[in-house]
Amino acid sequence: MRILLVEDDPMIARTLQRALAEDGYAVDRVGDGEAARLALDTAGDAYALVLLDLGLPRKSGLDLLRELRRGGNRVRVLIVTARDAVADRVAGLDAGADDYLTKPFSLDELTARMRALLRRDVAREDNLLRHGELTLDTATRIVMQGGRAIDVSAREFALLAALLERPGAALSKAQLEERIYRWGEEVESNAIEVHVHNLRKKLGVDAIRTLRGVGYALA
Ligand code: CA
């Protein structure tokens, strides 16, 4: 799952990027409000969630958020800021944030709040993505197939999760790449094919269908 991290403090940004990557998120990071605007305008719907600092150079987090909402962009936004006054929280939520977390925070709480927001998009009441015999737990990152736990890599998990988010729909290779890799990451041209090949070995050849000229879909 691809996340945009808008944070001007390089140390916080690096720590978060690393920790979230271990959790299987692909995290793009920008350090100011204008760059965030550009990233959101160009990346389309690739981002499942934005982690937004408020005190930012060039354009404040609040201004950015108001602009996005005015322009009809409804991407999930979780404000992560040192500003902990009630008035700041109210302003953030009123500007269109989905949730608000103050620094310092525990990583566990951050990831739990992220999962809660991501659940809302697909109206799920728990952390499970289901399709047929397949169940993905986005909190524990455990994949089950017909009661059997399947060992998958972080990328394979991300790819499966992308397909399970919309079980009926096909995703192209480019759409899958943009959901599981962050910017500037070295991506082999056949990376998606390799992941799909490995997943078929683990889940059965029929688990993922290839739609010629379109992409991949769950069986
Ligand atoms: Ca800041």
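About the cut-offs
Residues numbered from 1 in each chain as written. Predicted model: local features only at pLDDT ≥ 70, side-chain atom pairs only at ≥ 80, totals over all residues. Heavy atoms only, no water. Buried < 20%, exposed > 50% of the residue type's maximum accessible area, 1.4 Å probe, protein only. Helix = DSSP H or I, 4+ residues; strand = E, 2+ residues; numbered from the N terminus. Pairing = 2+ DSSP bridges. Right-handed = clockwise from strand over helix to strand, strands pointing away. Domains from an automatic or database assignment. Contact = heavy atoms within 4.5 Å. Buried area = accessible area lost by both parts, 1.4 Å probe.

Concerning the pairing of strand S5 (residues 99-102)
Of the two faces of S5, the one lined by Asp-99 and Leu-101 and the one lined by Tyr-100 and Thr-102 are each fully buried. With four bridges joining them, strand S4 (residues 77-81) and S5 adopt parallel strand pairing. Its bridge partner lying in S5, Ile-79 is registered against Tyr-100. Traced from S4 through helix H4 (residues 86-94) to S5, the parallel crossover comes out right-handed.

Structural notes on the domain arrangement of the chain
When cut into domains, the chain gives domain 1 (2-121) and domain 2 (128-218). Placing the centre of domain 1 and that of domain 2 at their C-alpha centroids yields a distance of 26 Å. Every contact between the two is made by 16 residues of domain 1 and, on the other side, 12 residues of domain 2. Between domain 1 and domain 2, the buried area comes to about 1,100 Å², and carbon and sulfur atoms account for 49% of it.

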